[in-house]
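Understanding the architecture of this molecule
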Amino acid sequence: MAFDFFERRLKVALCRYGRVVGNYPIPFIVLPLMLTFSLAVGGFYFTGNNDIEYLFTPTDGPAKKDRDLLDSLFPMNYSGEFLANRQNDFGRYASVIIYTKKQSENILAVDSLREIFEFHDHVTETKTSIGREEYSYRQLCAKWKTQCVDPNPVLKIYNYTTQNVNFINISYPIMAGPGNISYFIGGSLGGVQFYGDTSIVKSARAILLFYPLKHSPNNIDEASVEFEEEITKMAAKNKWTKIKVTLTVSQTLANELDDIIIRMIPRLIISFFILTSFSVLSLMMTDWVTSKPVLGTLGVVSALLAVISTIGLLSYCGVPFIHLNIAMPFLTLGVGVDDMFIMIASWRTTSPRTSVPDRMAETFSEAALSITITSITDVLAFGIGAISTFPSVQIFCCYCGVAILFDYIYQITFFGGCMALIGRRERQNKHCLTYVKVLPKRESTSRCYRLFCAGGISYSTDCDDVIQDHSIMTFFNKYYGPFVTLTWVKVITVILYVAYVSVAIWGSFYASEGIQLSQLAREDSSDPNGLTYYELEESYFNEYGPVIQVIVTTPQNYSNMSTEHEIERVLAMYRTNRYFYDTEYSTQSWLRDYVEFLNKSGLTYPDEDTFVSHLRSYFLTNPLYEHYKPDIAITNNTITSSRFSVQSRYVKNVKSAQNFLHQSRKTAEDSSLPMIAYHPSFVFNDHVDVILPNTIQNIAIAASAMLVVSFLLIPQPICAFYVTLTVASIVVGVIGYMSLWSVGIDFVSMVTIVVCIGFSVDYSAHMTYAFVISNRDTRNGRTIYGLYLLGLPVVQSVASTIIAIAPLSTANTYVFRAVFKTVFLGIFFGGLHGILFLPVLLSLVGPNKSQSSKPKADEEGALGKRRLRMWMKDHRKEPPEKRCQIKITPRKVNFVNDNIDKFQFDGQIVLGENNNPGFSNVCCSRSDEYGYSSPIIPPKTRDCEEIGAKTVVVADRFGSRANSGNGCVIPYQKHDLAPNIVAIDKGYVLYISNTYIQK
């Protein structure tokens, strides 16, 4: 047919390739091992990257552009003009939450404050060394003027001593300090209780200390990182009587990502051994010759080689390794073992009496095509994920895509070569473990021997080479298939599907977008009381959020009243927004305070120059207002840019943070002045806006690409329609149910959803293809046929992949559990569609007529063998009576396609180029009660006459070599002079059933 253009040619190529592997397996084993060893040397170039901002923020996020603009207008000065609420980025820091051990105690009590001051002293006395250079806290701290900035204004109000604690009343959230300077302490104390309706603090449960550090030049940055580690160790080592300390530093998340990699390695080892055990057990049978435990182990090793090669190659190329990549080996092992099962399942359908190269050719013509489709869809899925705007997703998809590609290469080389060697062992009837030649079960007399040693084919007593189906295949064919095609079962299945889709759609409406920084951390990174820094922050510091900077980005005439009014209007808009406070302290405006200062001082400003001159000479030199210096950029007596600040409310979840970000920007953008709103947290929060569009884009591209692959490599266009329905159903199910399973749409699920599309294509495309090519008369019959062929591969695929990723479910971080949950749902729903929903759908509305016909006798090589054998098996209504082969004296064998003049049988010339007599002396057959011909191989020619059987003729040299399988010898190239073909193979006469011969 026209649609099988690519599929048929690829099959032929893989068939020929498989024959080469079968003939010369050693090079296909050695070369992949040598390649893996060479690439493993790339481990010397191994580098990691744990930069949170780089990995988990969009590369072209608006906040990054705003920050670049802010850096040019207001470069950070950590050496003399640092203000914590005017940061362009988070930089280096240590943020410490100190809280009382007992719920009823007061963190501002004398005993608690004494220990807080002791902790502060330990921090300021900490020193660190880089090389021969020693750095003190004073050298590394961010400064205002010449002093390190205070970690908390409350400590400064107390003057870092407990002497005046009982004489000082703390008002919240505004506290008047020395020199008539007011301090905002809303974010400094947590769990605050007041005296009556006053603003005087009665008690507090927690206090926040913030220690900003310099991060340039490089030696200072290295020293600051080391300093963070030292105070982390100090906080963990010291034990306090009244307080508990938990902290986070700028490298906490990065260090935890590295730690996660180390902690996941034991799980990877466990997964390797569990998968190996599963593979070995799955390939064990009661026959000790056809069992393949060693091959099961080598299949897992093949996937492991792909993992090693991937890490080595990409390390060579300078691609960094990130913590997400630790999920790559789990996925690769799952896919690799799945491919192994497909290869071995295809091998089992070949005739054990044919040569190893022939069996390899047949195996590759079917199985290699199947894993080619699987690998293409998986690599495409990861390739599409690699176009994401998140570097972490790009790197992860790069590693996974290359790993799947290597796995495919090693499956058809290394594993193929191993399969050929194991096939030779099987051909020689050797034990699968001891490699000692054993007797077939029928020739062994000892029960113990049959139980632990015997196996293989008996050439003297066994009936023809009927291949026994796997027990699970038998289950799907005889029990499960007929069961799901019952009318009442179909009705229940449809109801279940409607319920499945309904719940999935309902869950999709509750899908959250984005991820919080705290979800990247280890969930056991907590203080001894079991509370993480982020939990404490949410519990005690949940009233006041970050201070937002509102920046006027171009030069303006600030002496003009209209400019002042517009700025005040914008600030008033912020105060009325639900994400901000509407109080006198919620906004800070240098312009407002400056105009008030000018009015009180009696200074006039007839023009802009005077306005700016007074600003620089009087206002910014006043101790009450000098903190506004970092807010005003002045060049040549012109204010080129300025900024104002707005106090926000605390936002708890990703959705609120996204709305808060949008409201902040929109209010600034609605101004007639060129304004932007900025806070360093916006850089990370920008990822929420691109998650959903990126996910939809990737799903659309992936689905389109998968359909193109299906059209090209699965030669039935009707398959595309059912594939589309199944993919859409599975994607909706994954999104809906993962939302109900506490997984949002984020950079993790964005990739795994696309991967699930690849898996769902595999299940749906092959099931549909099996249905449409079946020659059975009814939809139910074709459905059962599809389940018979694909039930076992689907079950093994689902089981092996879930086993491979199962260790991820025990990870103590959200990221890996999200990978497990989404892939699990994709695999589970894919399998559920493959063996239940899709078969029932096809049995109800599938094509009425089969789109396959009896295979032609002139099909090429192993491809024709398999298609004819499967076609015949599909049409065998009842099993014919036992058909036996009787061993004759081995001798040199010539095949029909050999360019010879005659064949010999039992010492007689039975066919020559011009010698037709002798046809009746070769073999005879008779029909059984079902109308099927069974061979009778008599020891002498006269036996044919005695039983009255029809004779079976031998083809002349114009024919082609005959084929055998499932008890039949099938012609695939017919000549008018010899419509029936018999081959003599190594002393065995193989027969043909006349029922299937076109006269």
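Residues numbered from 1 in each chain as written. Predicted model: local features only at pLDDT ≥ 70, side-chain atom pairs only at ≥ 80, totals over all residues. Heavy atoms only, no water.

**Details of the overall build of the protein**
Within the protein, the secondary structure is distributed over 29 helices and 26 strands. Across the 999 residues of the protein, 56% fall into the buried class. As presented, the protein carries roughly 41,900 Å² of accessible surface, and 57% of it is formed by carbon and sulfur atoms. (Helix = DSSP H or I, 4+ residues; strand = E, 2+ residues; numbered from the N terminus. Buried < 20%, exposed > 50% of the residue type's maximum accessible area, 1.4 Å probe, protein only. Areas by Shrake-Rupley, 256 points an atom, 1.4 Å probe, with all protein chains shown as cover.)

**With respect to the pairing of strand β2 (residues 127-130)**
As paired elements, β2 and strand β3 (residues 133-136) share four bridges and run antiparallel to each other. Note on β3: the bridge partner recorded for S129 is E134. Counted between consecutive antiparallel strands, the loop separating β2 from β3 contains two residues, among which G131 sits at a positive phi close to 65 degrees. (Pairing = 2+ DSSP bridges.)

**So, the sheet that holds strand β11 (residues 206-213)**
Pairing is antiparallel in the open sheet, where four strands are placed in the order β8-β11-β1-β12. The open sheet has two edge strands with one neighbour each: β8 (189-190) and β12 (243-249).

**Details of the pattern of salt bridges**
The tally for this structure, following the rule as stated, stands at 19 salt bridges. Of the charged contacts in the structure, one is a salt bridge between K156 and D150, with a shortest N-O distance of 3.7 Å. What makes D150 partly exposed here is its relative accessible area of 31%. One salt bridge connects R359 with E426, and the closest N-O pair in it is separated by 3.3 Å. Here R359 is found in helix α12 (residues 356-385), whereas its partner E426 is found in helix α13 (residues 391-427), with 67 residues between them in sequence. On the basis of relative accessible area, E426 is assigned to the buried category, the value being 9%. (Salt bridge = Lys/Arg side-chain N within 4 Å of Asp/Glu carboxyl O.)

**Digging into the state of the cysteines**
Cysteine pairs can be covalently joined through their sulfur atoms, and such a bond is termed a disulfide. Applying the stated criterion to the full structure yields one disulfide. The disulfide that involves C141 links it to C148, with 1.8 Å between the sulfurs. Here the S-S torsion is close to -65 degrees, and the disulfide linking C141 with C148 is therefore left-handed. Given the relative accessible area of 0%, C141 is considered buried. For C148, a relative accessible area of 17% corresponds to the buried category. In this model C400 remains outside any disulfide bridge; the closest cysteine sulfur is found in C397, 6.6 Å from its own. Cysteine C448 remains unbridged, with the sulfur of C453 as its closest cysteine sulfur at 6.9 Å. (Disulfide = S-S within 2.5 Å.)

**Describing the nonpolar core**
Ranked by size, the top nonpolar core spans 141 residues in total, and within it F382, F747 and L808 carry the most contacts. Residues within four places of F382 in sequence aside, it is in contact with L331, F396, C397, C400, G401, I404, V751 and V755. Core analysis: the next-biggest nonpolar cluster, separate from the first, contains 46 residues, I116, C148, V154 and Y581 among them. (Core = buried A, V, L, I, M, F, W, Y, C linked by side-chain atoms within 4.5 Å. Contact = heavy atoms within 4.5 Å.)

**Regarding the environment of T667**
By secondary structure assignment, the location of T667 is in helix α21 (residues 654-669). Taking C-alpha positions, T667 is 8.3 Å from A677, a pair spaced 10 residues apart along the chain. In contact with T667, not counting residues within four places along its chain, are V570, M573, Y574 and N577.

**Examining the confidence of the model for the protein**
For the protein, per-residue confidence averages 80 on the pLDDT scale, and 82% of positions sit at 70 or higher. Predicted confidence for residues 871-999 stays below pLDDT 50, and this span has 260 contacts to residues more than four positions away or in other chains. (pLDDT = per-residue confidence, 0-100.)

**A few points about a nonpolar patch on the surface**
Where nonpolar side chains cluster on the molecular surface, the patch consists of V503, I505, W506, F509, Y510, V732 and L740 and spans about 710 Å² of accessible area. Sorting the residues of the nonpolar patch by element identifies α16 (487-508) and α24 (718-740) as the ones contributing at least two each. Per element, the largest residue contribution to the nonpolar patch is three residues, and it comes from α16. Within the fold, V503 resides in helix α16. The partly exposed category is assigned to V503, whose relative accessible area is 31%. (Patch = residues over 30% accessible without salt bridge, like charges linked within 9 Å, V, L, I, M, F, W, Y side chains within 5 Å.)

**A short note on the side chain of N685**
Structurally, the position occupied by N685 is in helix α22 (residues 681-685). Exposure remark for N685: the relative accessible area of 15% places this residue in the buried category.

**Let's talk about the side chain of R86**
Here R86 is to be found in the loop between α4 (62-73) and β1 (92-100). Taking the relative accessible area as the measure of exposure, R86 reaches 3% and is therefore buried. Not counting residues up to four positions away in its chain, the partners in contact with R86 are M76, Q549, Q588, D631, R643 and S645.

**Side note on α16**
Think of an α-helix as turning once every 3.6 residues; residues three or four places apart then point the same way. Taking 1.5 Å as the rise per residue, α16 with 22 residues should run 32 Å; its terminal C-alpha atoms sit 31 Å apart, in good agreement. Summarising the contacts, the buried residues of α16 are in contact with α15 (471-484), α24, α26 (779-805) and α27 (814-845). (Expected span 1.5 Å × (residues − 1).)

**Focus on the pairing of strand β17 (residues 675-678)**
For a regular strand, side chains alternate in direction, first toward one face of the sheet and then toward the other. What you see with β17 is no split at all: M675 and A677 on one side and I676 and Y678 on the other are buried throughout. Two strands pair when backbone bridges link them, and strand β13 (residues 544-552) and β17 are joined in this way by four bridges, in the antiparallel orientation. Within the sheet, the bridge partner assigned to I551 lies in β17 and is I676.

**Focus: the packing of α24 against α27**
Two elements in contact, α24 and α27, have axes separated by 9 Å at closest approach and are oriented at 140 degrees. Taken together, the axis directions place α24 and α27 in an arrangement best described as oblique. Of the two elements, α24 crosses α27, and the hand of that crossing is right-handed. Of the residues in α27, those in contact with Y722, L725, T726, S729, I730, G733, V734, Y737 and M738 of α24 are T822, L825, G826, F829, G830, H833, L838, L841, L842 and V845. Residues belonging to the contact of α24 with α27 are distributed by class as follows: 12 nonpolar, seven polar and no charged. (Axes fitted to C-alpha atoms, helices over the stretch in contact; angles between N-to-C directions. Parallel < 35°, antiparallel > 145°, perpendicular 65-115°, else oblique. Left-handed = near helix turned anticlockwise from the far one by under 90°. Nonpolar A, V, L, I, M, F, W, Y, C, P; charged D, E, K, R; others polar.)

**Describing the packing of helix α2 (residues 25-40) against α13**
Look at α2 against α13: their axes get within 8 Å of each other, and the N-to-C directions meet at 140 degrees. One finds that α2 runs oblique with respect to α13. You can see that α2 and α13 cross each other, and the crossing is left-handed. Together, P25, I26, F28, I29, P32, L33, L35, T36 and L39 of α2 and F406, Y410, T413, F414, G417, C418, A420, L421 and R424 of α13 make up the contact between the two elements. A per-class count over the contact of α2 with α13 returns 14 nonpolar, three polar and one charged.

**Some details on the environment of G507**
Among the structural elements, G507 can be located in helix α16. Each residue touching G507, except ones within four places of it in the same chain, is listed here: G736, S739 and L740.

**Here we look at the packing of aromatic side chains**
Summed over the entire model, instances satisfying the criterion amount to 53 aromatic pairs. Centroid distance F390 to F747: 6.3 Å. Interplanar angle 40 degrees. Geometry classified as tilted. Linking F390 in the loop between α12 and α13 with F747 in helix α25 (residues 747-773), this pair joins segments that are 357 residues apart in sequence. What makes F390 buried here is its relative accessible area of 0%. Consider the rings of Y558 and W590, whose centres lie 5.4 Å apart with planes at 55 degrees: the pair is tilted. Taken together, the residues Y558 in the loop between β13 and α18 (561-575) and W590 in helix α19 (residues 590-601) connect sequence positions 32 residues apart. Across the pair, exposure class does not vary: Y558 and W590 are buried alike. (Phe/Tyr/Trp six-rings, centres within 6.5 Å; stacked < 30°, edge-to-face > 60°.)

**Examining α24**
A rise of 1.5 Å per residue sets the reference length of α24, with its 23 residues, at 33 Å; its end C-alpha atoms lie 34 Å apart and thus fit the reference within 8%. Looking at the residues trailing α24, positive phi occurs at S742, about 65 degrees.

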